[in-house]
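Fold and contact review
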Amino acid sequence: MDSFKVDQRDLFFILKDQLNYKKLCGLERYKDLNEKTLGLLISEAVNFARGVVAPLNEIGEEQPPRFENGRVVCPAAFREAFQQYGEQGWTAAARDVRYGGQGFPHMLRIVINDLMYGACQAFNMAPSLTHGAAHLIESFGTQEQKERFVPRMYDGTWAGTMCLTEAGAGSNLAVLETTATPEGDRYRIRGNKIFISWGEHDIAENIIHLVLARIKGAPPGVRGISLFIVPKIRVDRNGGLGEANDVVCTGIEKKMGLHGSPTAALTFGGKGGCIGYLCGRENRGLAHMFQMMNSARINTGVSGMAMAGTAYQNALAYAKERRQGRDLTGRDSAQIPIIDHPDVRRMLLWMKAMVDGMRSMIYSGAYWDDLARELPPGQEKERHQNLVDFLTPIIKAYCSDMGFRVCETAVQCLGGYGYCRDYPLEQYLRDTKIMSLYEGTNGIQSMDLMGRKMTIKGGACFQAFRREIGDFCEQNRLDNELGGRVRALAAVLERLWEAAGKMQERYRSDQFLWASCTYPALMAFGEVTMAWRLLDLALVARSAAENKGRRNDFHLGKVHQAKYFVDITLPHTLATIETCLRPGREVVDMPKAAF
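Read on for a plain summary of the structure.

Overview of the packing of helix α13 (residues 483-509) against helix α16 (residues 553-581)
Pairs of packed helices are described in terms of their axes, by the angle between the two and the distance that separates them. Where α13 meets α16, the closest approach of the two axes is 10 Å, and the angle between their N-to-C directions is 20 degrees. Taken together, the axes of α13 and α16 lie roughly parallel to each other. Classified by chirality, the crossing of α16 by α13 is left-handed. Across from Arg485, Ala488, Leu489, Val492, Arg495, Leu496, Ala499, Lys502, Met503 and Arg506 in α13, the residues of α16 making contact are Lys563, Val566, Asp567, Leu570, Thr573, Leu574, Ile577, Glu578, Cys580 and Leu581. By residue class, the composition of the contact of α13 with α16 is 12 nonpolar, 1 polar and 7 charged.

Examining the packing of aromatic side chains
Within this structure, the stated rule accounts for 21 aromatic pairs. Arranged with centres 6.1 Å apart and planes meeting at 55 degrees, the rings of Phe465 and Phe525 form a pair that is tilted. Of the two residues, Phe465 sits in helix α12 (residues 442-476) while Phe525 sits in helix α15 (residues 518-545), which places them 60 residues apart along the sequence. Exposure remark for Phe525: the relative accessible area of 0% places this residue in the buried category. Pairwise contacts between aromatic rings join Trp368, Phe390, Phe462, Phe465, Trp497, Phe525 and Trp532 into one cluster. The cationic tip of Arg148 hangs over the ring face of Tyr277; the distance from NZ or CZ to the ring centre is 5.0 Å. Its guanidinium or amino end placed over the ring of Trp532, Arg533 lies 4.7 Å from that ring's centre, counting from NZ or CZ.

Focus: α12
Its 35 residues give α12 an end-to-end C-alpha distance of only 32 Å, which falls more than 12% under 51 Å, the value for a rise of 1.5 Å per residue. Along α12, the sharpest kink reaches roughly 125 degrees, centred on Gly458.

Observations concerning the pairing of strand β9 (residues 241-244)
Pairing between strand β8 (residues 233-235) and β9: 2 bridges, direction antiparallel. Bridging from a neighbouring strand, Val235 pairs with Leu241 of β9. Connecting β8 to the antiparallel partner β9 that follows it, the hairpin turn spans 5 residues, and Gly239 within it adopts a positive phi of roughly 90 degrees.

Concerning empty space enclosed by the protein
A full pass over the atoms with the stated rule returns 3 cavities of 30 Å³ or more. One number sums up the size of the largest cavity: a volume of about 140 Å³. As for the largest cavity, its lining consists of 16 residues, of which Val6, Gly309, Gln313, Val355 and Arg359 are closest to the centre. Elements supplying a minimum of two residues to the lining of the largest cavity: α5 (106-119), α8 (285-321) and α9 (342-374). Of the residues contributing to the lining of the largest cavity, the split by class is 5 nonpolar, 4 polar and 7 charged. Lining the second largest cavity are Met450, Leu496, Ala499, Ala500, Met503, Ala521, Phe525, Ile577 and Cys580. Looking at the lining of the second largest cavity, the elements with two or more residues in it are α13, α15 and α16. Here the element with the most residues in the lining of the second largest cavity is α13; it accounts for 4 residues. The residue inventory of the lining of the second largest cavity, partitioned by class, reads 9 nonpolar, no polar and no charged.

Quick word on the layout of surface pockets
The volume enclosed by the second largest pocket comes to roughly 840 Å³. Surrounding the second largest pocket, 18 residues form its lining, Tyr312, Leu316, Lys320, Ile339 and Lys352 being those nearest its centre. Elements with a minimum of two residues in the lining of the second largest pocket: α1 (8-18), α8, α9 and α16. The element best represented in the lining of the second largest pocket is α16, accounting for 5 residues. In the lining of the second largest pocket, the residues fall into 7 nonpolar, 3 polar and 8 charged.

Describing the nonpolar core
Met107, Leu348, Met358, Tyr363, Tyr398 and Phe525 are the most contacted members of the largest nonpolar core, which has 169 residues in total. In contact with Leu348, other than residues within four places in its own chain, are Tyr312, Ala315, Leu316, Ala319, Ile339 and Cys413. Ile137, Leu210, Leu227 and Met289 belong to the second-largest nonpolar core, a separate cluster that totals 31 residues.

Details of the pattern of salt bridges
Using the criterion set out here, one finds 41 salt bridges in the structure. We note a salt bridge from Glu200 to Lys232, for which the minimum N-O separation is 3.1 Å. Taken together, the positions of Glu200 in the loop between β5 (186-197) and β6 (206-215) and Lys232 in the loop between β7 (225-231) and β8 put the pair 32 residues apart, joining distant regions of the chain. Here Lys232 falls in the buried class, since its relative accessible area comes to 15%.

Quick word on the side chain of Ser303
Positionally, Ser303 belongs in helix α8. What Ser303 contacts, discounting residues up to four positions off in sequence, is Tyr117, Gln121 and Met435.

Some words on the side chain of Thr518
Relative to the elements of secondary structure, Thr518 occurs in helix α15. The class of Thr518 is buried, set by a relative accessible area of 1%. Within polar-contact distance, the side chain of Thr518 engages the backbone oxygen of Ala515 at 3.2 Å. Filtering out sequence-adjacent residues up to four positions away, Thr518 remains in contact with Gly443, Ser446, Met447, Met450 and Met503.

A few points about the state of the cysteines
Summed over all chains, the structure comprises 0 disulfides. Cysteine Cys249 shares no disulfide, and the gap to the nearest cysteine sulfur, in Cys74, comes to 11 Å. With relative accessibility at 4%, the residue Cys249 sits in the buried group.

Reading the values: the criteria
- Residues numbered from 1 in each chain as written.
- Predicted model: local features only at pLDDT ≥ 70, side-chain atom pairs only at ≥ 80, totals over all residues.
- Heavy atoms only, no water.
- Axes fitted to C-alpha atoms, helices over the stretch in contact; angles between N-to-C directions.
- Helix = DSSP H or I, 4+ residues; strand = E, 2+ residues; numbered from the N terminus.
- Parallel < 35°, antiparallel > 145°, perpendicular 65-115°, else oblique.
- Left-handed = near helix turned anticlockwise from the far one by under 90°.
- Contact = heavy atoms within 4.5 Å.
- Nonpolar A, V, L, I, M, F, W, Y, C, P; charged D, E, K, R; others polar.
- Phe/Tyr/Trp six-rings, centres within 6.5 Å; stacked < 30°, edge-to-face > 60°.
- Buried < 20%, exposed > 50% of the residue type's maximum accessible area, 1.4 Å probe, protein only.
- Lys NZ or Arg CZ within 6 Å of the ring centre and 35° of its normal.
- Expected span 1.5 Å × (residues − 1).
- Bend = angle between axes of the 7 residues up to and from the residue.
- Pairing = 2+ DSSP bridges.
- 1 Å grid on protein atoms, 1.4 Å probe; cavity = no way out; pocket = protein on both sides within 12 Å on 5 of 7 lines; lining within 4 Å.
- Points joined across faces, edges and corners; volume = space filled by probe spheres on them.
- Core = buried A, V, L, I, M, F, W, Y, C linked by side-chain atoms within 4.5 Å.
- Salt bridge = Lys/Arg side-chain N within 4 Å of Asp/Glu carboxyl O.
- Polar contact = N/O pair within 3.5 Å; in protein donor to acceptor, adjacent residues only side chain to side chain.
- Disulfide = S-S within 2.5 Å.

The structure is reproduced here in structure tokens:
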């Protein structure tokens, strides 16, 4: 079944018309690129996603990886696709050409992941994790480590993982027990890791694990964590493969979704023979790993949005074809397509707005990230970095949660068939649920947003976001058609800023009560961000939407979705803000025995 569906016009409208992404080619790093080249890469990514990656979604469900005698055996199609993915440059599209990258803007990696995750989330986690692990070595490793490991990871010869979680150290990495004992210029690694996505498989010749461990005698807590390169098979200094490195898979998880992605439990050094190499500075491992973790957090938001996007497109296609029921007003005596039923249209319009708004939010963040990386030092570089820092937990939490809700609504659109495996929607629903749990649960993201992100750099991250969205409202508040909605957004923002200040006071006086309200506060920030991006899209589309004809229906849809989202969402946002400020302490005062 050809289940992967995407409307390229939506992607390019955000990239070209809303963000004007060709301006990135004016940066020194991208001076040899142009808009046509960027567009060709995206079009080829669509073709690769459809032709190579999308078929894996069904294969992974029907022939999931098997755990046999300490090894994980994957479908042959996964091995072939992983090799093609690396050889054709998708893994390292945005990385340095010195190590096999193509040197494209960083934001195009997000666009590529949007397409590949939508085609097959379970598979695309493998090259995405490989990219993150290789980039860690590229960023913090020695020159010898970079040359030994990075090119073979980028070209698909080897794979990579991130190994953080232990049975007793999930979100709280301060208590991890994996150890590293110095032995010359290397270390003996010993410990157990769980929930390692693509931690064991046979789709690549080797797996390069990036492992957090504690060197003997290191300070307690997170201050004593270091980062290590630990290959599954030992690698000599010339890149040749040697003997097994005492990294043993003890099993893979039986999961609700993502059946095509093996989630492994790993034992390092069970026989005392696991060798690792320090990556970066001693006791700075968690700080180094945050590069990969922050990227992974954004990618969980991308995943939620991408699966929501293809779920919406599948529901839309079904609604246009499925005939059921009569016209409500009796205009037609025959059975009508269910897209003509008002309640189905309500669900479709909400899903359309959600996907377009989340995609705009994510692409905007990716565009700002490129500016933060590549602009010369100065206020503009710092401003864009502050915007990215503030938006990251919103992208992660809001888009992962609402991506799941969109998939749920898509199931509802199909009625009983949505619940059946005849259609892919029930798989999208199962696969996307994990995104709210990955890389720090969404509750943890909300505490990061309403705590650290509000105060770091003297509040500069929050103020950058506040100015950006405030300037938008000021510039468009008198617009003839959309000004009323812009002013409605501005009014909600004023209440949100006030609530954020009061929550900071509560953080200092009553952290338990503060923590019980951070999640709804994050969702309020997500909703105003969505309203902003959708209104911005509508303003850009309006000139074309004013011209009648089917060719302009695309642009008219941008205007209608913004009006609808703002009108039905912001009243709830105001109510959500008020719940964050109520003085009631039931959540914290409730006796455990009373639950």
